Amino acid sequence: MYRERAAMSLDMPERAWVGVVSADHAAIAVAEGWIQLNHGKKTNLARLRQGDGFVIYSPTLRYKEGPPLRAFTALGIVADEEPYLAEEMMTMTDRAPVQPWRRRVDFQPTQPVAVGTLKGRLELTHDRNWGYALRFGLVPLSPADFILLRDVMAT
């Protein structure tokens, strides 16, 4: 039953979001069917609702290293009602181990799309300093931008 709702929501979700995650971590998220943001904190995940569109923007290939990527790397629909605590503990950089909060996402088959190839087409990037808001890890995305990204990222 949820799969039917998710498929319908993919056509035009009521709300959508962009989460900031390195491409290597985005690949893990897609493979596992979940996201975690802001080093496993709950705050941004609690803003999401079941059925929201969700797009991952990856500024880099690998977390804190390597060349910039600046691409949208994954897209899906939030599949659960509330954030949940992961069973395993994770060590994130030089911090003490944490038990991260996550949300399930029904990711779609996609290919990465460089943000530069969409210049002038996304409402998200109309503001000259659009990238500044990304430092918070999660920003609203218009449903129209979600549909555009869904279409250009489709495999």
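The coordinates are above.
Cut-off values and rules
Residues numbered from 1 in each chain as written. Predicted model: local features only at pLDDT ≥ 70, side-chain atom pairs only at ≥ 80, totals over all residues. Heavy atoms only, no water. Helix = DSSP H or I, 4+ residues; strand = E, 2+ residues; numbered from the N terminus. Rg over C-alpha atoms; globule rule 2.2 N^0.38 Å. Buried < 20%, exposed > 50% of the residue type's maximum accessible area, 1.4 Å probe, protein only. Contact = heavy atoms within 4.5 Å. Areas by Shrake-Rupley, 256 points an atom, 1.4 Å probe, with all protein chains shown as cover. Lys, Arg positive; Asp, Glu negative; His and termini not counted. Charge placed at Lys NZ, Arg CZ, Asp CG, Glu CD. Phe/Tyr/Trp six-rings, centres within 6.5 Å; stacked < 30°, edge-to-face > 60°. Lys NZ or Arg CZ within 6 Å of the ring centre and 35° of its normal.

### Some words on the overall build of the protein chain
Per the secondary structure count, the protein chain includes three helices and eight strands. Going from N to C terminus, the protein chain has its helices and strands arranged as α-β-α-β-β-β-β-β-β-β-α. Here the protein chain has a C-alpha radius of gyration of 15 Å; the compact-globule value for 155 residues is 15 Å, and the two agree. Relative to its full complement of 155 residues, the protein chain shows a buried share of 43%. Within the protein chain, contacts between residues separated by at least 24 positions form 72% of all contacts whose residues are at least 6 apart in sequence. By element, 53% of the accessible surface of the protein chain is carried by carbon and sulfur atoms, the whole surface being about 8600 Å². Computed over 19 positive and 18 negative side-chain charges, the inter-centroid distance for the protein chain is 7 Å.

### A word on unusual backbone geometry
If you check the backbone angles, His39 has positive phi at about 60° while not being a glycine. In this structure, His39 sits in the loop between β2 (34–35) and β3 (53–62). A positive phi angle, close to 55°, is found at Arg70, a residue other than glycine. You can see Arg70 is positioned in strand β4 (residues 65–78).

### Here we look at the packing of aromatic side chains
The way to describe two aromatic rings as a pair is by their centre distance and the angle between their planes. Taken as a whole, this structure holds two aromatic pairs when the rule is applied. Note on Tyr57 and Phe72: the rings are 5.5 Å apart at their centroids and 65° apart in plane angle, and the pair reads as edge-to-face. Of this pair, Tyr57 sits in strand β3 while Phe72 sits in strand β4, placing them 15 residues apart in sequence. Taking relative accessible area as the criterion, Tyr57 reaches 6% and is therefore assigned buried. Take Phe72: its relative accessible area is 0%, and that puts it in the buried class. With a centroid separation of 5.9 Å and an interplanar angle of 80°, the aromatic rings of Tyr57 and Trp130 are classed as edge-to-face. Taken together, the positions of Tyr57 in strand β3 and Trp130 in the loop between β7 (113–114) and β8 (138–141) put the pair 73 residues apart, joining distant regions of the chain. Lying over the aromatic face of Tyr84, Arg104 brings its terminal NZ or CZ to 4.4 Å of the ring centre. When the ring centre of Tyr132 is taken as reference, the NZ or CZ atom of Arg135 above it lies at 3.6 Å.

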